[in-house]
Amino acid sequence: MNSNHPIGIFDSGVGGLSVLQRIRADLPHEMLLYVADSGHAPYGDKPADFITQRAAAITRFLLEQGAKAIVVACNTATAAAIANLRRQFSIPIIGIEPAVKPAVAITRSGVIGILATGQTVYSAKFADLIDRHGQQARVLAQPCPGLADCVERGDLNGPHPTTLLNRYLQPLLSQNIDTLVLGCTHYPFLKPLIKRLIGPEITIIDPSAAVSKQLYRRLDELKLLANPNAPGGEHYFTSGCAEYTAQVISRLLDRTVTLEPLPLTSPLH
């Protein structure tokens, strides 16, 4: 494996761009390949078997592009599929999970809220996470159907996401949380709206930094970090409408982005 090979990153749609942004900031010399599986987004309401098959098909595509590591930039896909991916493929595969451990470390009230998809909240992996790290605090998990869809449409502060967030935040605020974990990679794009609704006293935690740190550590261990003189860059693919997805991604990243259609031959495509 060549150290200047790219890093593959994928999500059900555009949410994983919050992780890509952090990786780009921390690893500026790396080439990043991003797959938005927008033709099948969101994963949060899909069966686990479907998510597992999509994750494997996308990982195979990224490996065909020479990826030296894979970042599953989706909490739902991590919960449903990462164990299977690690059994199938030998390269480093980095997942993401709700940042319960750091939330427990900083809470003052001992009450933590988590916004996530239903697939994440009701997964065995999430239950194990709470069992390992959430015993020292009261952890309130709130499924948020429809919220990732707002980000997929580029609707970050309109009436619909505002209504949904008011509905999902109210049960947590009524229990006096002082720390809020964003348990879906789409949700950091709603952070300004969330802050406006919950006020400055509640700490919001985004796990992207931990993912980037783990990716760096694994690449460093394997001597796969890119040459420090490499220019870096990104290449984007989608299973959805390339033109529409490009418009949404360009808005989220605040720069013009072009996408290629995802050429998967999987029968799920």
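Higher on the page you've got the structure.
Right, let's walk through the structure included here. (Residues numbered from 1 in each chain as written. Predicted model: local features only at pLDDT ≥ 70, side-chain atom pairs only at ≥ 80, totals over all residues. Heavy atoms only, no water.)

1. Let's talk about the overall build of the protein
Part 1 of the reasoning: Each helix and strand counted, the protein has 11 helices and 10 strands in total.
Part 2 of the reasoning: Taken along the three principal axes of its C-alpha coordinates, the protein extends 50 × 40 × 35 Å.
Part 3 of the reasoning: Counting the 269 residues in the protein, one finds 57% classified as buried.
Part 4 of the reasoning: Considering only intrachain contacts with a sequence separation of at least 6, the fraction spanning at least 24 residues in the protein is 77%.
Part 5 of the reasoning: Accessible surface, the protein as shown: approximately 11600 Å² in total, 51% of it carbon and sulfur.
Part 6 of the reasoning: Computed over 24 positive and 22 negative side-chain charges, the separation of the two mean positions in the protein equals 4 Å. (Helix = DSSP H or I, 4+ residues; strand = E, 2+ residues; numbered from the N terminus. Buried < 20%, exposed > 50% of the residue type's maximum accessible area, 1.4 Å probe, protein only. Contact = heavy atoms within 4.5 Å. Areas by Shrake-Rupley, 256 points an atom, 1.4 Å probe, with all protein chains shown as cover. Lys, Arg positive; Asp, Glu negative; His and termini not counted. Charge placed at Lys NZ, Arg CZ, Asp CG, Glu CD.)

2. Comments concerning the sheet that holds strand β2 (residues 31–36)
Part 1 of the reasoning: The parallel open sheet is built from six strands, whose spatial order is β4-β3-β1-β2-β9-β10. The two strands at the open ends of the sheet, each matched to only one other strand, are β4 (93–94) and β10 (259–261).
Part 2 of the reasoning: Pairing between strand β9 (residues 233–238) and β10: three bridges, direction parallel. The residue bridging F237 from the neighbouring strand is E260, located in β10. (Pairing = 2+ DSSP bridges.)

3. Some details on helix α6 (residues 124–133)
Part 1 of the reasoning: What α6 keeps buried is the set F126, L129 and I130. In a view along the axis of α6, the buried residues occupy a sector of 95°, so they form one face of it.
Part 2 of the reasoning: The inward-facing, buried residues of α6 contact α4 (100–106), β5 (111–116), α5 (118–121) and β6 (138–143). (Arc of directions from axis to C-beta.)

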